[in-house]
Amino acid sequence: CTKKAVEVDPTAEAAAQEAVTETTADDAAAADEAARIAEEELMKKEAAARAEALSAFENTNIAFNYDSSAIQDSEIANLEAKAEWLKENPGVRITIEGHCDDRGTTDYNLALGDRRAARVKAFLESLGIDADRMVTVSYGEERPLDPAANEAAWSKNRRVQFVIR
Amino acid sequence: EERVQLRITNPFENKTPVAIPAFKVMGSSAEEQHLAQKAVTLLQETLAFTGYFRMVNPEAFLEDPSQTGITEQDIHFNRWRSSGAELLVTGSLTVSGQAIIGDFYLYDIFRQKSLFGVRFRGAGDPETNLRPLILKLADKIMVTYSGKHGYFGSRIAFVSTSTTGTKEIWASAFDGHNPVQLSRNNAITLTPSWSPDGTKITYTSYVKKKPDIYVQGAWAGARRDLVTAKGTTNITPAWLPDGKNMAASLTIDGDQAIYLLTEKGKIRKRLTRKWSKWGIDLSPVFSPSGDRMAFVSKRSGTPQIYVKHLKSGRIERLTFDGRYNTSPAWSPTGDQIAYAGFKEGNFDIHVIDARGGRPMQLTRNTGDNETPSWSPDGSLIVFSSNRRGSSSIYVMNAYGTDQRQLVSLPGEQTAPVWSPNLTQ
């Protein structure tokens, strides 16, 4: 190949030099420090954001109607947020827990809890989450969030809960 | 077509009055006196437990056979008739070292004659032998009175909460005597069911952090064997009357469906078809002859009880009252099914003819009454009730009268299931 001197456009050279500002050694150190702090601030903020997203993922449950395993329209946004988080964290594997309120009977609620967890898993699969990342388990009425016997407690207990494995 | 009407008259309403005066004691030791009193009390409680008998008040007795003699020529039948008795039991107890001997007579007051005279001997420690001896006597009285053996060798298994928040399987004698913990799973354990020969129990347990099915010998600390953990939810196991195969509700094909399988977990076949990807069929129980299976299904939108004719495959819906009917239990006489139905804010025990018809409600206004199970002769039903706050085990006769608590233990007791009658 022919050797050719790389010609530098004189005006670009001048412009580049123009940009170089002259600073004293102290100023340089201060600037580095500020950059480092800003960097740290950013990382902290990102970590906080990630932690918040994680806790949001683990602590927002999917609610169900009495004796039903159907996904309610009001819960779809929740499920989409779950799918989003799972996509952002591909390495994570989860357990989907199905729960019921205790007004039904023990045996039937074991089955109902399973149906709730299974339907949530199927919904997340439809949003593109790989089935192998998700395991379902039913606790029926054995693990109430609120043991009280009133509608507020029952509706809280009729839920699907997410746990990172 | 004309629905079969349940028998309305309740045979447990007019009970046969029985007089059981103090037993004669051969020696005069305090121990013998104590044993004689315990024997009379246990016999009174056992006969009353059946629901067929009521005890004549001892204050009405006009004669004391322990003083005047226990054999036929000593008995003044007119005195016992005026005390209101129709049956009279007299007895004497002899305790000699390591044996207890009981001589007992049963008299028919109206016909003024003895129905039997019998001697029972119990070798070994008298204290522990008294109960089996008296239960043998009670059984002989039942056979003489009704022509059928009693169920005094049967047991009742149930679920009891532990202080650590888990649930284990316990079992007591038929009358709630001597409840002992059978399973040591240290996990939530539910839905117990007996093998037809009464030697094993099957149940659902979270030993492996999910609901799987196990089998265990029916004694404290027996070894636990896995039946199946194939599905995400493996629940409500029950043996078929042949004692070989079992049925259980598994999620091995997408929906929650009932399968025939062996005790080792080998799936034989599906017993309920897939009517929806999200279908629920569970709680299989079999008629005594094994020709039909009752189960719970949500195929009509709410949990209801259905009966499948196993040979033809035909399925009929059994319950139409209310939106939640579960926990079917087939009576040993084959003609009725008991279940828990939710109406007006509570669960109550109902019985319905196994061929369909109008259900009869047995419990009412006493909190939630659930998971019924029949005694071996079909005369009594054991069930759980939270009428006193926390749930515990109750028993009543098959017509809903004589309801009373069977076992009192700390925590909550649920899901009682009556074993077959075992020889004592």
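Model, not experiment: these values are computed from the prediction.

Engineer: Quick one: what's the story with the overall build of chain B, residue by residue and with numbers?
Structural biologist: Across its full length, chain B holds four helices and 30 strands. Taken against the 2.2 N^0.38 rule, which gives 22 Å for 424 residues, the C-alpha radius of gyration of chain B at 24 Å falls within 12% of a compact globule. Overall size of chain B, expressed as C-alpha extent along the three principal axes, is 75 × 50 × 40 Å. Per-residue burial over chain B gives 57% buried out of 424 residues. Long-range contacts, defined as pairs at least 24 residues apart, comprise 43% of the intrachain contacts of chain B with a sequence gap of at least 6. A total accessible area of about 17,600 Å² is found for chain B, and carbon and sulfur atoms account for 50% of it. For chain B, the centre of its 50 positive side-chain charges and the centre of its 39 negative side-chain charges are spaced 9 Å apart.

Engineer: Give a description of the environment of serine 28 of chain B that names residues and reports values.
Structural biologist: Residues and elements named next belong to chain B. Within the fold, serine 28 resides in the loop between strand S2 (24-25) and helix H1 (30-49). By relative accessible area, serine 28 is classed as exposed at 69%. Separated by 39 residues in sequence, serine 28 and glutamine 67 have C-alpha atoms that sit 13 Å apart.

Engineer: Tell me about the pairing of strand S30 (residues 413-418) of chain B, and please be specific about residues and values.
Structural biologist: Residue and element names in this part refer to chain B. Counting buried positions over the six residues of S30 gives five, a clear majority of the element. As paired elements, strand S7 (residues 155-161) and S30 share four bridges and run antiparallel to each other. When the sheet's bridge partners are listed, valine 159 is paired in S30 with threonine 414.

Engineer: Mind laying out the interface of chain A and chain B, listing which residues take part and the relevant values?
Structural biologist: It is common to report an interface's size as the accessible area lost on association of the parts. Opposite the 25 residues of chain A that make contact, chain B presents 32 residues. Between chain A and chain B, the buried area comes to about 2,100 Å², and carbon and sulfur atoms account for 60% of it. Contact with chain B buries surface across chain A, with Thr105, Tyr108 and Arg115 of chain A losing the most and accounting together for 30% of the total. Linking chain A to chain B there are two salt bridges. Along the contact surface separating chain A from chain B lie nine residue pairs in polar contact (both at pLDDT 80 or more). Every element with two or more residues in the side of chain A that touches chain B is listed here: helix H4 (106-126) and strand S3 (134-140) of chain A. Looking at which element gives the most residues to the side of chain A that touches chain B, the answer is H4 of chain A, with 12 residues. Broken down by class, the residue content of the side of chain A that touches chain B amounts to nine nonpolar, nine polar and seven charged.

Engineer: With reference to specific residues and values, describe the sheet that holds strand S22 (residues 325-330) of chain B.
Structural biologist: Residues and elements named next belong to chain B. Strand order in this open sheet of four strands is S22-S23-S24-S25, and the pairing throughout is antiparallel. Since the sheet does not close on itself, it has two edges, and those belong to S22 and strand S25 (360-361), each with one partner. Looking at chain direction, strand S23 (residues 336-343) and strand S24 (residues 346-353) are connected through eight bridges and run antiparallel. Note on S24: the bridge partner recorded for alanine 340 is isoleucine 349.

Engineer: Now, about the nonpolar core: what can you tell me, with residues and values included?
Structural biologist: By size, the foremost hydrophobic cluster in this structure holds 59 residues, and its most contacted members are Phe23, Leu43, Phe104, Ile134 and Trp418 of chain B. Core analysis: the second largest hydrophobic core is formed by 28 residues, Cys100 of chain A together with Ala294, Ile305 and Ile337 of chain B among them.

Engineer: Requested: an account of the packing of helix H3 (residues 76-88) of chain A against H4 of chain A, with residues and values cited.
Structural biologist: Residue and element names in this part refer to chain A. Remark: H3 packs on H4, axes separated minimally by 10 Å, with the N-to-C direction vectors making an angle of 60°. Considered as vectors, H3 and H4 are oriented oblique to each other. Remark: the crossing between H3 and H4 carries right-handed chirality. Across the interface between the two elements, Ile76, Leu79, Lys82, Ala83 and Leu86 of H3 pack against Val120, Phe123 and Leu124 of H4. Tallied by class, residues from the contact of H3 with H4 come to seven nonpolar, no polar and one charged.

Engineer: Account for unusual backbone geometry, naming residues and giving values.
Structural biologist: Residues and elements named next belong to chain B. The phi dihedral of threonine 371 falls on the positive side, at around 40°, and the residue is not glycine. You can see threonine 371 is positioned in strand S26 (residues 369-374). For threonine 371, a relative accessible area of 18% puts it in the buried group. With a phi angle near 55°, aspartate 402 is a residue other than glycine that sits in the positive phi range.

What counts and how
- Residues numbered from 1 in each chain as written.
- Chains lettered and ligands numbered in written order.
- Predicted model: local features only at pLDDT ≥ 70, side-chain atom pairs only at ≥ 80, totals over all residues.
- Heavy atoms only, no water.
- Helix = DSSP H or I, 4+ residues; strand = E, 2+ residues; numbered from the N terminus.
- Rg over C-alpha atoms; globule rule 2.2 N^0.38 Å.
- Buried < 20%, exposed > 50% of the residue type's maximum accessible area, 1.4 Å probe, protein only.
- Contact = heavy atoms within 4.5 Å.
- Areas by Shrake-Rupley, 256 points an atom, 1.4 Å probe, with all protein chains shown as cover.
- Lys, Arg positive; Asp, Glu negative; His and termini not counted.
- Charge placed at Lys NZ, Arg CZ, Asp CG, Glu CD.
- Pairing = 2+ DSSP bridges.
- Buried area = accessible area lost by both parts, 1.4 Å probe.
- Salt bridge = Lys/Arg side-chain N within 4 Å of Asp/Glu carboxyl O.
- Polar contact = N/O pair within 3.5 Å; in protein donor to acceptor, adjacent residues only side chain to side chain.
- Nonpolar A, V, L, I, M, F, W, Y, C, P; charged D, E, K, R; others polar.
- Core = buried A, V, L, I, M, F, W, Y, C linked by side-chain atoms within 4.5 Å.
- Axes fitted to C-alpha atoms, helices over the stretch in contact; angles between N-to-C directions.
- Parallel < 35°, antiparallel > 145°, perpendicular 65-115°, else oblique.
- Left-handed = near helix turned anticlockwise from the far one by under 90°.

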